[in-house]
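An overview of the molecular structure
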Amino acid sequence: LYQNIKWYIPRILCDFSDDLAPVKFTVDGFTSAKRKGNLIGTSISCGVDSLSTIYDHFVKETDPDYRINALFLFSHEPRSHLTDSSGVTVYNNLVQHVKKAADELGLPFYGLDTNLYFFTYPIMRKHRGTLSISYIALYSSILSLQSAIFRYYMASAYSYSQIKKFEDHTHDRTLAPFCESYFLPLIETERFELIIDGCQYRRIDKIKNIVDWDFAQRHLNVCVSWKPNHRNTANCGVCDKCLRTLLTLEIMGKLDKFSDIFDIEQYRRNSFNYKIRCLEDFCGGDPIVMDNVDFARENNFPMPTKRDCYVLGQNAVVI
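Before going into details, it helps to say that this report is about the structure given with it.

**Quick look at the packing of aromatic side chains**
This model, assessed by the stated rule, comprises 11 aromatic pairs. A ring pair is formed by F72 and F74, whose centres lie 5.9 Å apart and whose planes are at 0 degrees; its orientation type is stacked. Accessibility expressed as a relative area gives 7% for F74, which makes it buried. Through a chain of ring-to-ring contacts, the aromatic side chains of F72, F74, Y110 and Y152 assemble into a single cluster. Here R35 stacks its cationic end above the ring of F150, 3.6 Å away from the centre of that ring. Seen from the ring of Y66, R151 lies directly overhead, with NZ or CZ sitting 4.1 Å from the centre.

The following block contains the structure:
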């Protein structure tokens, strides 16, 4: 780790953001580092990425050296430490949700709270709330537990092809898809292995992977509205992450399987306008949106056309 920080990691971070610069550092010395931990872990945020990783490497995995035996949640994201109490409430509610899910899987759950977010927040604020380098707080949190964890699956959001294609899209915005595939191996230690999982899939393939898993049908949680809705479902059905997930499920013909945890009625009322926005964003190069539009075309799923409507702001009007 020392050699990688000395020679390679600063260049990657400086390439990611013009706000970053190399720093000088020294160490007090070196000691032998032997493996201590016996945990094979991953995050259980209950999002699409984490559930796909859990499904592959706990439900389907048969090799005990690679089968997940512990689940984690780290409070590295901004919602966990907002300036008012709502952020803490959201994080605590998420902990309760995922702990129940972990108990159902029969796996131990560990939550780690951290103040590292306060160090990354100024850069994130400059970039209007994008995730920027908050991932450094996540990686640091995981590394801090390497005496207990010896192998950790990091659920990646982008596929290999997207990482190559959308480097400019993620530059100075989100560290993980920008360089995670080659950054994480550089922060491994003699005690600890990081495995980047999920890059072998498109997001729609991850949803395909878990769509018939009854556990996912009860626990999938992608919502970012952080507000209770009138049906008291786990997911509001109208925020961007809910909409993009539900569109994938609609294309698959699997909406009803998730009716207990999504407000499907809300989605149906908003889906047409969202599909219009998808076609607009497709031209703007949003990777997740492009996946859904391509998936619709692959399945001959009807999407709005210019002949069907025009767009006024975010409202589509049929003509």
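**Focus on the environment of F272**
Among the structural elements, F272 can be located in helix α13 (residues 264-284). Taking the C-alpha atoms as reference points, F272 and M303, 31 residues apart in sequence, are found 8.5 Å from one another.

**Some details on the packing of helix α10 (residues 203-210) against helix α12 (residues 240-252)**
The N-to-C vectors of α10 and α12 enclose an angle of 65 degrees; their axes lie 10 Å apart at closest approach. Between α10 and α12 lies a crossing of right-handed hand. Residues R203, I204, I207 and K208 of α10 lie in contact with α12, whose contacting residues are R244, T245, T248, L249 and M252. Broken down by class, the residue content of the contact of α10 with α12 amounts to 4 nonpolar, 2 polar and 3 charged.

**Re the pattern of salt bridges**
Taken as a whole, this structure holds 14 salt bridges when the rule is applied. D56 is the partner of K60 in a salt bridge, and the nearest nitrogen-oxygen pair spans 3.5 Å. Its relative accessible area of 46% is what places K60 among the partly exposed residues. Judged by relative accessible area, which is 9%, D56 ranks as buried.

**Side note on the pairing of strand β2 (residues 70-74)**
For β2, a buried count of 5 out of 5 residues is recorded, marking the element as mostly surrounded by other parts of the structure. The pairing of strand β1 (residues 39-43) with β2 spans 3 bridges and is classified as parallel. When the bridges of β2 are listed, T42 appears paired with L71. Considered for its hand, the β-α-β crossover made up of β1, helix α3 (residues 48-59) and β2 is right-handed.

**Let's talk about the nonpolar core**
Core analysis: the largest hydrophobic core is formed by 56 residues, its most contacted members being I44, L51, W213, L220 and F262. Those residues in contact with W213 that sit more than four places away from it in its chain are L51, I54, Y55, V59 and L105.

**Some remarks on the sheet that holds strand β4 (residues 149-155)**
Pairing in this open sheet of 5 strands is parallel, and the strands run β3-β2-β1-β4-β5 from one edge to the other. Because the sheet does not close on itself, it has two edges, and the strands there are β3 (109-112) and β5 (193-197). Strand-to-strand twist across the sheet, computed as the mean angle between neighbouring axes with direction ignored, equals 25 degrees. Contacts from α3 reach β1, β2, β4 and β5 within the one sheet, and its direction differs from that of β4 by about 130 degrees.

Rules used throughout
- Residues numbered from 1 in each chain as written.
- Predicted model: local features only at pLDDT ≥ 70, side-chain atom pairs only at ≥ 80, totals over all residues.
- Heavy atoms only, no water.
- Phe/Tyr/Trp six-rings, centres within 6.5 Å; stacked < 30°, edge-to-face > 60°.
- Buried < 20%, exposed > 50% of the residue type's maximum accessible area, 1.4 Å probe, protein only.
- Lys NZ or Arg CZ within 6 Å of the ring centre and 35° of its normal.
- Helix = DSSP H or I, 4+ residues; strand = E, 2+ residues; numbered from the N terminus.
- Axes fitted to C-alpha atoms, helices over the stretch in contact; angles between N-to-C directions.
- Left-handed = near helix turned anticlockwise from the far one by under 90°.
- Contact = heavy atoms within 4.5 Å.
- Nonpolar A, V, L, I, M, F, W, Y, C, P; charged D, E, K, R; others polar.
- Salt bridge = Lys/Arg side-chain N within 4 Å of Asp/Glu carboxyl O.
- Pairing = 2+ DSSP bridges.
- Right-handed = clockwise from strand over helix to strand, strands pointing away.
- Core = buried A, V, L, I, M, F, W, Y, C linked by side-chain atoms within 4.5 Å.

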